[in-house]
Amino acid sequence: MRALVTVAVLLAVWQGVVAATGVPRFILPPPGRVATTLWSQWAVIGPHALTTLAEILLGLLLGAALGAAAAMTIAQFAAARRWLLPVLVASQAVPVFALAPILVLWLGYGMASKVAMACLVIFFPVVLAFWDGLRRTEPGWLDLARSMDARPWALLWRLRVPAALPALASGLRMAAAVAPIGAVIGEWVGASRGLGFLMLQANARMQTDMVFAALAVLAVLAVALYTLVDAGLRRALPWIPYDGVKE
Amino acid sequence: MDGPSGVADAIANPPAPCAAAAPLAVRVTGARLCFDGRPVFENLDFSLEGGVTTCLLGPSGVGKSSLLRLVAGLEPPGPGATIAAGDGGPLAGRIAWMAQRDLLLPWASVLDNVLTGPRLRGVTPDAAMRRRAHDLLDEVGLADRAGARPDALSGGMRQRVALARTLFEDRAVVLMDEPFSALDALTRLRLQDLSARLLAGRTVLLVTHDPLEALRLGHRIHVMTGRPAGIGPALEPPGAPPRPVGDPALLALQAELLGRLAS
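Residues numbered from 1 in each chain as written. Chains lettered and ligands numbered in written order. Predicted model: local features only at pLDDT ≥ 70, side-chain atom pairs only at ≥ 80, totals over all residues. Heavy atoms only, no water.

Colleague: I'd like a rundown of the overall build of chain B, residues and numbers included.
Modeller: Scanning chain B for helices and strands turns up nine helices and nine strands. Taken over C-alpha atoms, the radius of gyration comes to 19 Å for chain B, in line with the 18 Å a tight globule of 263 residues would show. Projected onto the principal axes, the alpha-carbon positions of chain B cover approximately 65 × 45 × 35 Å. For chain B, the proportion of its 263 residues judged to be buried stands at 48%. (Helix = DSSP H or I, 4+ residues; strand = E, 2+ residues; numbered from the N terminus. Rg over C-alpha atoms; globule rule 2.2 N^0.38 Å. Buried < 20%, exposed > 50% of the residue type's maximum accessible area, 1.4 Å probe, protein only.)

Rendered as structure tokens:
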């Protein structure tokens, strides 16, 4: 509720700046104008938004699944840890966005290159957060498991993975926050659909109001996605306290 | 459960909550532990008589928990040390361990926590196991909380679940590392009574820093003191555990134990 008030105040400031400076519409359109465009051009914006949403969701699913699998692999196999972990950590230094043109070259202008891009930006936060959780299992639990003659895979699946779920949840929250960035970067480099494509097209034609309208839709998508993921994770992990309160 | 197959099932999986194994003695020789290059204990010999409760009493930091962890197989015994079962067989798979902290899994229900052992061994608990877990929860007075999550329980209840989980493992030797020291006085006394009743007949090592607890529960009480630490001769209080807390003989022996601890 307070967030809405904050947004309203920011919109009012925006409107005030436009009115006070008389800045041309193609530089900075007033918020009312953006809202009108959003309303009248929804038939154009909607399908593009759906494309971007599909890319984000597919990238999120794929990136989270691959990231979780990779984290469990390096947790379980010492060899994987020795050979993969250094590469994984070093590869974080590579700006993933620089790979976008190559991905478009390889996977084409369609949805695949954008899903791959989103997948890539999601992969690293998920792997590192989950792996960090998997290696920090409570020593007392590990002692208990040893005294019970635990078997390696049951130990991973019944103890280390559930114990690391809060860490995985942090990774997934971060993934939900960065997933839209990956999809839009992919669309900027080369696409025929999607909000990022729409923004570039509108920008080239000085339809700044359309750029802002697309941006607003993207922001709502991103916030909705994060909120849903956060709420879902809280419900799925009811034993974890947040701010001292459990669900 | 109808017809002859149900009867056969009942015979193959008797629902007895505690089918205690035959008493098993344990003998430790030449145990050694260093901390920061200085020996905490070295060349230490210690034995657990089969089927009775041995209490190891000592001040904090004397190494009694480390000795217990050595027996539990949680620490390497070090060169020259041997830990042997009285019947000459292996100890692995015949020891249960209970710690000061309950170590309950917060995501699992109380019943599933009692079933932690089979799950960690890759076994999906069957109906007989679940029934036995229920019976054990009944024994510790928590049958009505089987579906609750551990964070809904008090500290005493949680430790009772841990006791049920330890008993579910049904091992000949039970090692208890200050299991009641985090509880309030009254809860502690009740849990002492409960565990004395449920652990009767097994070989138990109870490590504690509370002389009264040792006197209530131990058939044999050893005091561990010094650095490097030594273990004194066994004190065998009269009467069967759990001994009443107001027994004057116990209070006299408590003075004796405090004297040994201070020496």
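Once the structure has been displayed, the description carries forward.
Colleague: Account for the overall build of chain A, naming residues and giving values.
Modeller: When helices and strands are tallied, chain A shows 10 helices and zero strands. Along its sequence from the N terminus, chain A presents helices and strands in the succession α-α-α-α-α-α-α-α-α-α. Summarising its shape, the C-alpha atoms of chain A cover approximately 75 × 45 × 30 Å along the three principal directions. Here chain A holds 247 residues, and 44% of them are scored as buried. For chain A, the proportion of contacts with a sequence separation of at least 24, taken over those separated by at least 6, is 71%. For chain A, the accessible surface area stands at approximately 13300 Å², while carbon and sulfur atoms represent 71% of it. Taken together, the 18 basic and 10 acidic charged side chains of chain A have centroids lying 4 Å from each other. (Contact = heavy atoms within 4.5 Å. Areas by Shrake-Rupley, 256 points an atom, 1.4 Å probe, with all protein chains shown as cover. Lys, Arg positive; Asp, Glu negative; His and termini not counted. Charge placed at Lys NZ, Arg CZ, Asp CG, Glu CD.)

Colleague: Break down the sheet that holds strand β1 (residues 26–35) of chain B for me, citing the residues and quoting the values.
Modeller: Residues and elements named next belong to chain B. A sheet is described by the order of its strands in space; here three strands give the open sequence β2-β1-β4, paired in antiparallel fashion. Strand pairing shows two members of the sheet lacking a second neighbour, β2 (38–48) and β4 (82–85), which therefore form its edges. Along the sheet, successive strands turn relative to each other by an average axial angle of 20°, direction set aside. Here seven bridges tie β1 to β2, and the two strands are oriented antiparallel to one another. Each residue of the ladder has a partner; that of Leu33, found in β2, is Phe41. Its contacts with the sheet put helix α2 (residues 64–72) on β1, β2 and β4, and the angle it makes with β1 is roughly 125°. (Pairing = 2+ DSSP bridges. Axes fitted to C-alpha atoms, helices over the stretch in contact; angles between N-to-C directions.)

Colleague: Lay out the packing of aromatic side chains with the relevant residues and their values.
Modeller: All names here are of chain A. Going through the model one piece at a time under the given rule, you end up with five aromatic pairs over all chains. Aromatic pair Trp14 and Phe212: ring centres 5.3 Å apart, planes at 45°, arrangement tilted. In this pair, Trp14 sits in helix α1 (residues 2–21) while Phe212 sits in helix α10 (residues 208–236), placing the two residues 198 residues apart along the sequence. Geometry around Tyr242 places Arg234 over its ring, the cationic atom sitting 4.2 Å from the centre. (Phe/Tyr/Trp six-rings, centres within 6.5 Å; stacked < 30°, edge-to-face > 60°. Lys NZ or Arg CZ within 6 Å of the ring centre and 35° of its normal.)

Colleague: I'd like a rundown of the environment of B:Leu212, residues and numbers included.
Modeller: Residue and element names in this part refer to chain B. Structurally, Leu212 can be placed in helix α8 (residues 211–217). Once the C-alpha coordinates of Leu212 and Pro238 are considered, the two residues, 26 residues apart in sequence, prove to be 14 Å apart. Dropping the residues within four chain positions of it, Leu212 is found in contact with Val245 and Gln254.

Colleague: Outline unusual backbone geometry, supporting the account with residue identities and numerical values.
Modeller: Residues and elements named next belong to chain B. Note the cis peptide between Arg227 and Pro228, where omega equals -5°. Its place among the elements puts Pro228 in the loop between β8 (220–225) and β9 (230–231). The residue after Pro241, namely Pro242, is reached through a cis peptide bond having omega -5°. With respect to the helices, strands and loops of the structure, Pro242 is situated in the loop between β9 and α9 (248–262). Phi angles above zero are rare outside glycine, and Asp36 is one such case at about 55°. Checked against the element boundaries, Asp36 lands in the loop between β1 and β2. On the accessibility criterion, Asp36 (72% relative accessible area) is exposed. With a phi angle near 55°, Leu103 is a residue other than glycine that sits in the positive phi range.

Colleague: Before we move on, can you summarise the domain arrangement of chain B with the specific residues and values?
Modeller: All names here are of chain B. Examined at the domain level, chain B breaks down into domain 1 (25–94 + 173–188 + 198–263) and domain 2 (104–170). Using only C-alpha atoms to locate each centre, domain 1 and domain 2 end up separated by 26 Å. Facing eight residues of domain 1, the contacting portion of domain 2 comprises nine residues. When domain 1 packs against domain 2, close to 670 Å² is buried across both sides, 75% of that on carbon and sulfur atoms. Ranking the residues of domain 1 by area buried against domain 2 places Leu183, Leu198 and Arg202 at the top, with a combined share of 61%. Our count for the domain 1 to domain 2 interface comes out at one salt bridge. (Domains from an automatic or database assignment. Buried area = accessible area lost by both parts, 1.4 Å probe. Salt bridge = Lys/Arg side-chain N within 4 Å of Asp/Glu carboxyl O.)

Colleague: Break down the side chain of B:Arg216 for me, citing the residues and quoting the values.
Modeller: All names here are of chain B. Mapped onto the fold, Arg216 is located in helix α8. The exposure class assigned to Arg216 is buried, which follows from its relative accessible area of 4%. Reaching out from Arg216, the side chain makes a polar contact with the backbone oxygen of Leu189 at a distance of 3.4 Å. A polar side-chain atom of Arg216 sits 2.6 Å from a polar atom in the side chain of Asp193. Among all residues touching Arg216, those that are not within four sequence positions of it are Leu189, Gln192, Asp193, Pro241, Pro242, Arg243, Pro244, Val245 and Leu250. (Polar contact = N/O pair within 3.5 Å; in protein donor to acceptor, adjacent residues only side chain to side chain.)

Colleague: Break down the packing of helix α3 (residues 42–76) of chain A against helix α6 (residues 111–135) of chain A for me, citing the residues and quoting the values.
Modeller: Residue and element names in this part refer to chain A. It is at 6 Å that the axes of α3 and α6 come closest, and there the two elements cross at 35°. Crossing of α3 against α6: the hand is right-handed. Within the contact of α3 with α6, the residues separate by chemical class into 23 nonpolar, four polar and two charged. (Left-handed = near helix turned anticlockwise from the far one by under 90°. Nonpolar A, V, L, I, M, F, W, Y, C, P; charged D, E, K, R; others polar.)

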